[in-house]
Amino acid sequence: MRLMVVGGAGYIGSHTVRQLRAAGHEVVVFDNLSSGHAQALPEGVPLVQADLLDAASVKAALEAHRPDAVIQFAALIEVGESMRAPGRYYRNNVVGSLNLLQGIVETRKVPLVFSSTAAVYGTTDNVPIPENAPLHPESVYGETKLMTENMIHAFHVAHGLPYTILRYFNVCGAAPGGDIGEAHPNKTHLIELACLTALGQREKMMIFGDDYPTPDGTCIRDYIHVQDLADAHVLAVNAMAGGKADAATYNVGLGHGFSVRQVLDAVDAVITEDGLPPLTREIAPRRPGDPPRLVADAHRIVDELGFQPQFTDLKEIVRTAWDWHRKHPHDFER
Ligand code: UDP
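Residues numbered from 1 in each chain as written. Predicted model: local features only at pLDDT ≥ 70, side-chain atom pairs only at ≥ 80, totals over all residues.

**Here's the deal with the packing of helix H4 (residues 86–107) against helix H5 (residues 140–159)**
Which entries qualify depends on this criterion: All axes here are fitted lines through C-alpha atoms, helices being fitted over the stretch that makes contact, and every angle between N-to-C directions spans 0 to 180 degrees. Numbering of helices and strands runs from the N terminus, with a helix taken as a DSSP run of H or I at least four residues long and a strand as a DSSP run of E at least two residues long. Working rule for angles: under 35 degrees goes down as roughly parallel, over 145 as roughly antiparallel, 65 to 115 as roughly perpendicular, anything else as oblique. Handedness of a crossing follows from how the near helix is turned relative to the far one, being left-handed for an anticlockwise turn of less than a right angle and right-handed for a clockwise one. In this description, any two residues whose backbone-derived C-beta atoms lie within 7 Å of each other are considered to be in contact. Throughout this entry, Asp, Glu, Lys and Arg are counted as charged residues, while Ala, Val, Leu, Ile, Met, Phe, Trp, Tyr, Cys and Pro are counted as nonpolar. The remaining residues, Gly among them, count as polar.
H5 packs onto H4 with a crossing angle of 20 degrees between their chain directions and a minimal axis gap of 9 Å. Between H4 and H5, the interaxial angle falls into the category roughly parallel. Handedness of the crossing formed by H4 with H5: right-handed. For the pair H4 and H5, the contacting residues are Pro86, Tyr89, Tyr90, Asn93, Val94, Ser97, Leu98, Leu101 and Val105 in the first and Val140, Tyr141, Thr144, Met147, Thr148, Met151, Ile152, Phe155 and His159 in the second. Of the residues contributing to the contact of H4 with H5, the split by class is 13 nonpolar, 5 polar and no charged.

**Topic: helix H10 (residues 314–327)**
Under the convention used in this document: A helix's residues, less one, multiplied by 1.5 Å, set its expected span. Residues are called buried when their C-beta atom has 20 or more other C-beta atoms within 10 Å, exposed when it has 12 or fewer, and partly exposed otherwise; all C-beta atoms are positioned from the backbone.
The end-to-end C-alpha distance of H10, which contains 14 residues, comes to 20 Å, matching closely the 20 Å that a straight helix rising 1.5 Å per residue would cover. In terms of burial, H10 is a largely internal element, 10 of the 14 residues being buried. Within H10, the full set of buried residues consists of Leu314, Ile317, Val318, Arg319, Thr320, Ala321, Trp322, Asp323, Trp324 and His325. Structurally, H10 contributes buried residues whose contacts are with strand E7 (170–172), helix H6 (190–198), strand E10 (223–225), strand E12 (258–259) and helix H8 (260–273).

**A look at the domain arrangement of the chain**
The extent of an interface is frequently quoted as the accessible surface area lost upon association of the parts. Cut-off, in case you're wondering: Domain extents, as shown, originate in an automatic or database domain assignment.
By domain assignment, the chain separates into domain 1 (2–171 + 223–252) and domain 2 (173–221 + 255–294 + 311–327). Here the C-alpha centre of domain 2 lies 26 Å away from the C-alpha centre of domain 1. Secondary-structure elements contributing two or more residues to the side of domain 1 that touches domain 2 are helix H1 (11–22), E10 and helix H7 (226–241). Top contributing element to the side of domain 1 that touches domain 2 by residue count: H1, with 4 residues. Taken together, the residues of the side of domain 1 that touches domain 2 break down into 8 nonpolar, 8 polar and 4 charged.

Given below as structure tokens:
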């Protein structure tokens, strides 16, 4: 198949482009490179450098490249920033996706795979969280993802647009080999920060709260490896091509979680093997908005698409992130 991967130069997008090609698909990337990196793309992948907010470019790209399916990753993704600049988030994430939907139904009406997030659930006691849990996002970011989910569903009802929505839990790690990986301009994610701290770019790791109602007092998250997540997209595309799924929503996670302390222990295990000292840790106040435990009920994607994550060992997950950051301490700059 020929896939158009919107936002394909970003962290999850670039890993997905790679896995799609490995599965024998042809790929064209549409990306404005606002936070993505052309260097993250394999050689020979055409890049349309354009913005989803430019509806004419979106339509022209769909007409020129005639994809059999579209995967939509392009979005602003920072929760804190979304609260300070809601207009940017609603415009980029909602209007951008609307232009894409409109373009698709006006040209080829091909299936769409959409990147959503566990943030659509908000805080819940219903853990592990099933896909039919109530949706009440607590940030503008989460709200833009939920609004887009709703738009996609409305286009399905009105125009027959087939779709698969994937709700990601905590995405982490990097392709083994360390040539592509997480490279956001602002660093907030636990494993990435821990690796950069090990490289001496920060003095110590802060643990945001050790008085949560969890076994070791720190927050628990469901860490899904980016390459497994990329494979989930390949499965979704293949299922839709076979007419198997035409309006499906799946959580993508391991179905079990690790605490902040367990993650930092794994980072220590990996870096001390490379001769570095363990990280200095400090207990800091809770970070506002952090629920104690966010874990996916991941049965649906396993049962329906045959999803089988390969990276289930925390140390192995961390090792892939560490290899990327060690080889690229300043992302794609050096
Ligand atoms: N966290 C932490 N110290 C850090 C960064 C994150 O203790 O320097 C915690 C954070 O409070 C959360 C977990 O690690 O409980 C995962 O945070 P991250 O930002 O990676 O992902 P989120 O769950 O917010 O999407």
